[in-house]
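Now for the letters of each chain:
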Amino acid sequence: TIMLKLINMRRNIFSLGAAILSMLSVGNVWALNGTKPRGTGGTYDPFQITKVSELLYFADYVNTENGRANATLYCDLDLTGVNWVPIGTADAPYRGHFDGQGYVLKNLTVNGNYRYCGLFGMIQNESALYNIVLQSPRVTSQDVENADAAFYTGSLCGYSENSKITNVTVINPQVKGKNYVGG
């Protein structure tokens, strides 16, 4: 009977653990980096970015959940100390709208093994980036494993296809890459 009680206790603990994990992982939100901003990311309710942690959430959300999310920046942000992962990848390109409203993103640092490298990595299919100011971005793309690979590197965006980019200012950039490199 003691053995039977132990087995039942293990089942109850396992069930409780599964229930807690289920509650935490609704929509995979628990796995995203950063802090969820206000808004849903939809066309009429874009994410409202007011902190670096919210911008990190947005980037992770786009790269893992919904490449069509929209966001609006509501203040200047200093990205010092953040090793940025570009928004939009070859597998999950960015397809939403991002409005910087003229606010400044300072000290963006991207330094990694990214095929598409910048604040945004790859954007396509009628995405739109506008009213963005980047100050002192430092963007370096590198690939130590594949010396012959083509890389697309820029302060704002590594690669854009069928997209709109308007009213963007880049101040004092340092951009280094291998093949296709812009400011």
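**Comments concerning the environment of Glu161**
Note that Glu161 resides in strand β12 (residues 157-161). Each C-alpha atom of the pair Glu161 and Gln124 lies 4.6 Å from the other, and the pair is 37 residues apart in sequence. Dropping the residues within four chain positions of it, Glu161 is found in contact with Ile123, Gln124 and Asn125.

**Quick notes on the side chain of Ser155**
Along the chain, Ser155 turns up in the loop between β11 (152-153) and β12. The class for Ser155 is buried, based on a relative accessible area of 0%. With residues up to four places along the chain from it excluded, the contact list for Ser155 reads Leu108, Gly118, Leu119, Leu134, Pro137, Val139, Val170, Pro173, Val175, Gly182 and Gly183.

**Structural notes on the sheet that holds strand β14 (residues 174-176)**
Spatial strand order, β6-β10-β14: three strands in an open sheet with parallel pairing. Strands with a single pairing partner mark the edges of an open sheet, and in this sheet they are β6 (109-112) and β14. On average, each strand axis in the sheet is inclined to that of its neighbour by 10°, with strand direction left out of account.

Thresholds, definitions, all that
- Residues numbered from 1 in each chain as written.
- Predicted model: local features only at pLDDT ≥ 70, side-chain atom pairs only at ≥ 80, totals over all residues.
- Heavy atoms only, no water.
- Helix = DSSP H or I, 4+ residues; strand = E, 2+ residues; numbered from the N terminus.
- Contact = heavy atoms within 4.5 Å.
- Buried < 20%, exposed > 50% of the residue type's maximum accessible area, 1.4 Å probe, protein only.
- Pairing = 2+ DSSP bridges.
- Axes fitted to C-alpha atoms, helices over the stretch in contact; angles between N-to-C directions.

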